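# Structure assessment
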Amino acid sequence: MTLSDIRSRLDGLEGRTYWRSLEELADTAEFRDYVQREFPAQAGEFTDPAGRRQFLKLMGASLALAGVSACTRQPPEALVPYVRQPEELIPGRPLFFATAMPQGGVGMPLLAENHMGRPTKLEGNPEHPASLGATDVLSQASVLTLYDPDRSRTIASLGEIRTWSNFTAALQLAVGAQRTSGGAGLRILTEPISSPSLLDQIDTLKTNFPQAKWHQWDAVYGTVQGGAPGSLALYRFDRADVVVALDSDFLNSGGGSVRYSKDFSSRRRIGTPQQELNRLYAVEPVLSVTGANADHRLAMKAGEIHAFASGLAAAAGVPGTSGAASGEAGKWLRVLADDLKAHAGRSVVVAGDTQPAAVHALARAMNSALGNEGKTVHYTAPVIASPADGVASLADLVTEMNAGAVQLLLIVGTNPVFTAPADIDFRAALEKVPTRIHVGLYHDETAEHCHWHIPEAHYLESWGDVRAFDGTVSLIQPLIAPLYDGHSPIEVLAAINGTTGQSTMEIVKGYWTRAFGGQTKTTWTLRDASGGAYPNVDTFWRHALHDGFIASTSMLADGATIPAAPAAVAATSVPAVRGADAGQLEVVFRPDPYILDGRNANNGWLQELPKPLSKVTWDNVAYISPATASGMGIALSRAGNADQDLLEIEYQGRKARIPVWVMPGTADGVVVVHFGYGRKNAGRVGSGVGHDVFGLRSSATPWFGSGAKLTRTGEGYFVASTQNHFVMEGRHPVRVVDAEEYRADPKVVAEIGPERPADEESLYRRERGDHVTPTPFEYLSYRWGMAIDLNACTGCSACVIACVAENNIPVVGKTQVGRSREMHWLRVDTYFDGDPAAPSATYHQPVPCMQCEAAPCEPVCPVAATVHSDEGLNDMVYNRCVGTRYCSNNCPYKVRRFNFMLYADFTTPELMPQRNPDVTIRSRGVMEKCTYCVQRINSARIDSKTENRRVRDGEVQTACEQVCPADAIVFGDLNDPASRVVKLKEQQRNYGLLEDLGTRPRTTYLAKVRNPNKALA
Amino acid sequence: MSQIFSRSANALARFTLAGALGLALIAGGVVYSLMYSSWATKQNEFVEQPLQFSHAHHVGGEGIDCRYCHTSVEKSAFAGIPPTKTCMNCHSQIWTNAPILEPVRASLRDNKNLTWTRVNDLPDFVYFNHKIHVRQGVGCVTCHGQVDRMPLMVQAAPLLMGWCLDCHRAPEKYLRPRDAVFAMDYQVPTEDHPVAVTASNGTPHTFRNQLELGQFLKAEYSVTSPGHLTSCSVCHR
C-alpha cells in the first residue's frame, strides 16, 4: 500500500475527509478482519491444543467450584476506632487540603482528597491562578507514585541499611572536612528549583561554604539548546485573537499548560454562531497537542524554525531582521504577518522551550513591535532560580569531577547516570568523587553509584513551598506521614548547614515568618486575596496554608507588579540552511509525554495511558512521516501493530534501536525520538520497558540536530497502540464546520450526519402505561446528562487518568492492551483530516458511556445486571454480572470493559490505601463501564436532601469534568432548564454520537467549529 | 433367549428415577434454606470482642443517647465507632479500676487502637448510608433491634437484600417521626397508642395506624419514590 493508493482511497470517502489512522484509510482486507473481530487479538477461533473436550471439562469443574465457593460465610471484618479522634474529621467523609505538586521546579496547585488520613485523589485548587480547578495528567497520576511499593524505603550506605542519625553523623564528618577550604570540594546537583525555603537553605549553604557550587540537571525541564532565553514569558491567551506557536506545545507541556488551556479554550467555546473565535497557527516538526488544535499547521524541520521566525519578524516589521522563504513557507510568512499586523495588540507569538534563545528573542521582538507586550504577553524574570542551562551546568560539574576537584557531591532528585547527554560520561566522573550522596524517590541508576542513598519524601508526605508558573507562591503540606522513612531535600540541606533538630515544617514556617517580617533576601508582598495586609504572622500563615497559596505573589493577578525582564539575548544570525543539510535527516528529541525522562517509569497509570495522537502505550517510538516511511520502504498500514519495523538510528557516531511509528503530521525528513524508556532499574512496572535512546542525545543537540541515519534492522517489534481499538467504521463520529459556514447557517451541523429517527422508532423501546417510550421511567426528579464540547477539547487525556484515579480502574499491561482489553472507561479518539502526508486538522473526541435513553445493552442482559435508573443512568450491577458480554457486543459505542482476568490488584498491601473507598473494586469476570461518577451523584443527592433543597447545578462534577483544563465536559441535570448542560445542549452545534441508531444518547457532543484563514486555503 | 432384566427391574428403575429427583429436590431445599438461615446471615450470633461491652447497661441502664458514641450517624455514611477517648470521658471518673476496662485504659495509655469485630456487616458492594436513613425517619431500632436489651451486641436483622427491599419498596411500613429516630421505647401507632406529629407547617396530626403515619411522613420528608429507591445505583456502585 503506497501513499498514492491511500490518497486515492481518501478521494473515495463519501461525505467526510477525516480518518482515524492510516490503516483505516488503507482499508486492507487484513484491517477489515482485525476490526470485525470485536476484540482484535482475542482467541476468536479455538486453536488451543488442549481440545474442546478438555475445555468443557475445565469449564464444568470451574462452574461447580465457583458455585461451592459462593457458599462461604462472610469473613469477619475489623472495626478500628481512633484512640483520640482528630478534630474536623467525620469518619466516612473525606477532607480536602490545599497543597501543590512540584514538576520541573514549577508548582501545580492541588486540593488533595483525604479519606481517614489517606490521600486518594487530587483535584486542582479552584482559587489558584495556575489551576482554576483543573489539573493535568502528571499530577493526577502522582498519587499512585506515593503508594508505589518500589519506592526506596530505607537510608542505605553501600547497600547496608542505615539510620538518619548514622547519615547526619557521616555527613558532618564529610562536611567538616570542607569547612577549612570554604567548601571548595562541595557540589550540589539538583532539578530546577523555585522553592523559596529550599533556595534559602542553598543561600545559607553558600554563605557557610563560599566556594561550594550549585549545579542543575533535568533532562526535560532544565535543558536548553542554543542558550536559555533569560526571561520568562507569561501569556494571556484569553486576550489573544491570533496565536502563532513556533514549535511550542503550550497547551500540553510546562507548568502553565493548565491555565493556558483554560484561557485558550475560553476563546473556542462559542455560545452563539456570531461569537468570534481565536485563530491558532502552529509551525512545528512533530504533531503536538497544540499543533493538533491549530486552525492551520505547517510541518517544518526544527532547525528551519529559526529562519522562519526571522522571516516572520521581517514581514511583521521588526527592524533589523531579514529573511524570506519560498513555496509554502513563503506563503505562510505573508499570511501570518498580515494576520498578526491586523490584530496588533491582540495577537501573540509563542516560541517553544526546545527552540534556541535566538528564536525566543525574535518572538519577543515581534510581540514588542506588534504592541502585544503588556497585553497578551508579559516578559519577566524566570521563576526558576537554579542555573537555566542544565547541559552547560552538568558539563561544568563533570569537568570538575574528572579533575578531582569535587570531594562531596549531593544529588537531589535527578538521575544523571541514566539521563545525562551521551557525550558526558557522568557515571565515570561520578566514580572519582570520594563522597557521593543521592536523595531520590527511587533507588535508581544514580543511587546505585552513590555511597549514600536517602529516600526522598513524596510531595504528599512533606512540607515545602514552590512557585507556580506565574510566580504564585504555593505551600506544600503533607497529607500523610512519610510511608517509607522519606526525607525532604530541605531537611537534607538543613543537615549540611548544621541546623538539626528542626522539623521541615518549622524550617518552612520559619522562612515565611521571616519573610513576613521582611527579613529574607527576596522581598515578598504578602497580602490577602482582597489586597489587605495581614494583622499578624499567625493569621498570615494559617490563611496561606488553608488557601494553599499567597495570592499577592501572582504575576497574572489584576494590577500585579511584574518584575522587569532581563534584556533579550541578542538574536544570533540565522543559521543558513545549507544544501547538504537540507537533504539530511533531522533527529528531534522529545521526552515521553507522561514518563518524561524515565522518572515516572514505574507508574502503571501513566504507562498505560495512550499517548496523545499516536495512542501508543507502554513503549516509546520514533515518529516519521508517511512520505519518509514510503521512501524507506516501511509499511504504512499495519493492522494490529504486531510487527512494527525496529529501526537503528545512527547520529553523531552513536547508535540506538527504537520501533518506528508512521505519524501523519511529522515533517518530512525528520525522525522524532522519544526518550525516557529503557530503564533498567525502575521497579516492577517500568524496568526493561521500551528502548533507551539517551545514547543519541548529545550536549550540543539535546533537542534537534541534522545528519541522522536510519536503518531498518529487519526485526519486528510489537507496539500496543489503542488507535485502532473500537473504530467507528466509516460513520460520522465527529462533526466539523468552518466558523463562516456555521455563522451563515447554524443548522449545518444537524445536516452533516444521517437523519435522527423519531423517539418512537427505537429498536429498544418499552411500553409504559398507554404510550411507548424508550425508558421505563418518567424522570420526575433528576435527569442526568453530559455535553462534551469538541471545540474546547484539546485531547490532553487528563480526563482519562482522572477517571482511572476516581473509579479504581486497574492497569492491565502491554499484552492485554494489545488484545484491546484496556479498562479505561473513557477513551479519547483522535481523527485526522485531509491528506495522509500532511493532515489539515486533527480532532479529539472523548468517548465515555453515552448512558443511552434507549440503551442497546439493557435488553440483552440475561441476568438484569445492567438496568436503567430513575435518574436516567444506565446502571451496571457488578454483583449480578455473570460475564456473558452480550451487553458489550450490543453496544454501538464500545464503551463497556470486561475483566477478562483479575486485573485489580487485591494483594499488594501498599496499593490498598490508594483506592477510592466509595467505588467497588471489580473482580474477574465482571463487566464495567462509566457510571457518570454515581458515587458523587449519590453523595450530593444525600447532602441536598438533608438540607431540604435540590442538587445545585455544578454541585456534582464528574471526575473527567473536574479535571478538564479546557472545561470541555459539562455534566448536570437535564430537568433543570437553567443548568449549564441544558444551555449547551440547546446550541445548534449539539449532536449525538451515532444518533441515527435511535439509542438517544444522554452524552452529546458540540460540533467542532474551525476558524481557518481564507488566505491559506 | 431369556430376558436379561426381570419384571421387577421396571419398578426399580422408576423408583430410582423418582428417588434421584427427590434427592436433588431435597438437596436444593437444604441449600436454599441454608442460604436464608441465620447460619449464613449470622443473625442473632454473638461475636467475640476485645471486651464485653454492654449496650443494655449503657443504653438501657444509663440512658445514653446513641449519638453520644456514634457521633457521625447524622453526618456521614458511617455511624462511627467511638474513639477510646470517648470511653474514658466517663471511665476516668467511674469504674477507674475495674479489671474489665483494662483494655480501654491500655489503649489510651499505650496509644494503641482497640480492634472490634463488626457485628452488622454488609457486603462490600453495598454502600449503605446512615445519614440519609436517620434523616428520613428510619429508627435505629428498625434495623439494629432493641440494643437497649442486648447485653452483648448481636445482628438483629438478616441484612439480606430482600430485607432491605422490603422497606425500599414500601417505606411507609417503617417510617417514624424524626424526633423518635433515636428512641428505644418508641411504639408504632395503634388504636390504643396514637402517635402525635406536628407537620412542618405547624398543623398537629394524630395517627392510629402505621400505614397512615408512614404515608404522611413520606410526603413530609419527601422520601423518594420506590422507583428511585429500588434503582441499583442507589446502593451498588
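Residues numbered from 1 in each chain as written. Chains lettered and ligands numbered in written order. Predicted model: local features only at pLDDT ≥ 70, side-chain atom pairs only at ≥ 80, totals over all residues.

## What about the confidence of the model for chain B?
Residue and element names in this part refer to chain B. Under the convention used in this document: Here pLDDT means the predictor's own confidence in every residue, given as a number from 0 to 100. Numbering of helices and strands starts at the N terminus; helices are DSSP runs of H or I of at least 4 residues and strands are runs of E of at least 2.
Here chain B averages 91 in pLDDT, and 100% of its residues register 70 or above. The element-level mean pLDDT for chain B is lowest in helix α2 (residues 38-41), coming to 86, with helix α7 (residues 130-135) highest at 94. At the level of chain-chain contacts, confidence expressed as ipTM amounts to 0.90, with global pTM at 0.91.

## So, the environment of Lys509(A)
Residue and element names in this part refer to chain A. Counted only if it meets this: We call a residue exposed when 12 or fewer other C-beta atoms sit within 10 Å of its C-beta, buried when the count reaches 20 or more, and partly exposed for counts in between; the C-beta positions come from the backbone.
Within the secondary structure, Lys509 is located in helix α18 (residues 504-516). Residue classification places Lys509 among the partly exposed residues on the basis of 19 C-beta atoms within 10 Å. When the C-alpha positions of Lys509 and Gln74 are compared, they lie 49 Å apart, and in sequence the two are 435 residues distant.

## Structural notes on helix α1 (residues 8-35) of chain B
Stated precisely, the cut-off is as follows: Take the number of residues in a helix, subtract one, and multiply by 1.5 Å to get its expected span.
If you check α1(B), its first and last C-alpha atoms are 40 Å apart, about what 28 residues at 1.5 Å a residue would give, namely 40 Å. Within α1(B), only zero of the 28 residues are buried, which leaves the element largely exposed.

## Some thoughts on the interface of chain B and chain A
Heads up, the rule is: By definition, residue pairs are in contact when their C-beta atoms, positioned from the backbone, come within 7 Å. For this classification, Asp, Glu, Lys and Arg are treated as charged, while Ala, Val, Leu, Ile, Met, Phe, Trp, Tyr, Cys and Pro are nonpolar and the rest, including Gly, are polar. Two strands pair under a simple rule: DSSP has to find at least two bridges between them.
With 38 residues of chain B in contact, the opposing surface of chain A contributes 35 residues. Of all the secondary structure elements, the ones that give two or more residues to the side of chain B that touches chain A are α5 (84-91), α6 (102-110), β1 (116-117), α7, α11 (226-229) and α12 (232-235) of chain B. Among the elements that line the side of chain B that touches chain A, the one with the most residues is α7(B), at three residues. Residues of the side of chain B that touches chain A, tallied by class, amount to 14 nonpolar, 16 polar and eight charged. Sheet topology places strand β2 (residues 78-79) of chain A next to β1(B); two bridges connect them, and they run antiparallel. By the bridge assignment for β1(B), Ala78(A) is matched with Thr117(B).

## Quick word on the nonpolar core
Here is a general trend for soluble globular proteins: nonpolar side chains tend to be buried in one another's company. Put simply, the test is: Linking buried Ala, Val, Leu, Ile, Met, Phe, Trp, Tyr and Cys residues through C-beta atoms within 7 Å yields a set, and such a set is a nonpolar core.
Grouped together as the largest cluster of nonpolar side chains are 290 residues, with contacts concentrated most on Leu246(A), Val350(A), Ala622(A), Ile649(A) and Val673(A). Residues contacting Val673(A), with those up to four places away along its chain left out, are Val587(A), Phe589(A), Ala622(A), Ile649(A), Ile658(A), Val693(A) and Leu696(A). Listed in part, the nine residues of the second largest apolar core include Cys66(B), Phe78(B), Val141(B) and Val181(B).

## Quick word on the sheet that holds strand β8 (residues 186-190) of chain A
Residue and element names in this part refer to chain A. Selection criterion: The angle between two axes is taken between their N-to-C directions and runs from 0 to 180 degrees, where each axis is a line fitted to C-alpha atoms and a helix contributes only its stretch in contact.
In spatial order, the strands read β7-β6-β18-β17-β16-β8-β9; together these seven strands make up an open sheet with mixed pairing. The outermost strands of the open sheet, each flanked by one partner alone, are β7 (160-162) and β9 (213-216). The average angle at which neighbouring strand axes cross in this sheet is 20°, direction not considered. Taken together, the four bridges between β8 and strand β16 (residues 408-412) define a ladder with parallel strand orientation. Each bridged residue has a counterpart across the sheet, and for Ile188 the counterpart in β16 is Leu410. Along the sheet, helix α6 (residues 164-179) makes contact with β6 (155-157), β7, β8, β16, β17 (435-440) and β18 (452-455), crossing β16 at roughly 130°.

## Some thoughts on the pairing of strand β13 (residues 296-299) of chain A
Residues and elements named next belong to chain A. Residue alternation in β13 divides its side chains into two sets, His296 and Leu298 and Arg297 and Ala299, and both sets are buried. Pairing of strand β12 (residues 279-284) with β13, which is carried by four bridges, proceeds in the parallel orientation. Across the sheet, residue Ala282 finds its bridge partner in β13, namely Arg297.

## Some details on the environment of Thr230(B)
Residues and elements named next belong to chain B. Residue position: Thr230 is located in the loop between α11 and α12. Classification of Thr230 as partly exposed rests on a count of 16 C-beta atoms within 10 Å. As a C-alpha pair, Thr230 and Cys167 span 63 residues in sequence and 9.9 Å in three-dimensional space. Each residue touching Thr230, except ones within four places of it in the same chain, is listed here: Leu165, His168 and Arg169.

## So, the pairing of β16(A)
All names here are of chain A. Counting buried positions along β16 gives five out of five residues, so the element sits mostly inside the fold. Burial of β16 is two-sided: the residues Leu408, Leu410 and Val412 facing one way and the residues Leu409 and Ile411 facing the other way are all buried. Sheet analysis places β16 next to β17, joined by five bridges and oriented parallel. The residue bridging Leu409 from the neighbouring strand is Arg436, located in β17.

## A few points about the sheet that holds strand β41 (residues 990-992) of chain A
Residue and element names in this part refer to chain A. Spatial strand order, β40-β33-β42-β41: four strands in an open sheet with mixed pairing. Each of the sheet's edge strands pairs with one partner strand only, and the pair in question is β40 (969-973) and β41. Across the sheet, the mean angle from the axis of one strand to that of its neighbour is 30°, orientation sign disregarded. Sheet topology places strand β33 (residues 784-789) next to β40; five bridges connect them, and they run antiparallel. From the neighbouring strand, Met786 faces β40, where its bridge partner is Phe971.

## A word on the packing of α5(B) against α6(B)
All names here are of chain B. For clarity, the threshold we go by: Left-handed describes a crossing in which the near helix is turned anticlockwise from the far one by less than a right angle; the clockwise case is right-handed.
Where α5 contacts α6, the two axes come as close as 10 Å, and the packing angle between them is 115°. α6 is crossed by α5, and the crossing has left-handed handedness. Only Val104, Ser107 and Leu108 of α6 make contact with α5, whose side of the interface consists of Thr84, Cys87, Met88 and His91. Partitioned by chemical class, the residues of the contact of α5 with α6 number four nonpolar, three polar and no charged.

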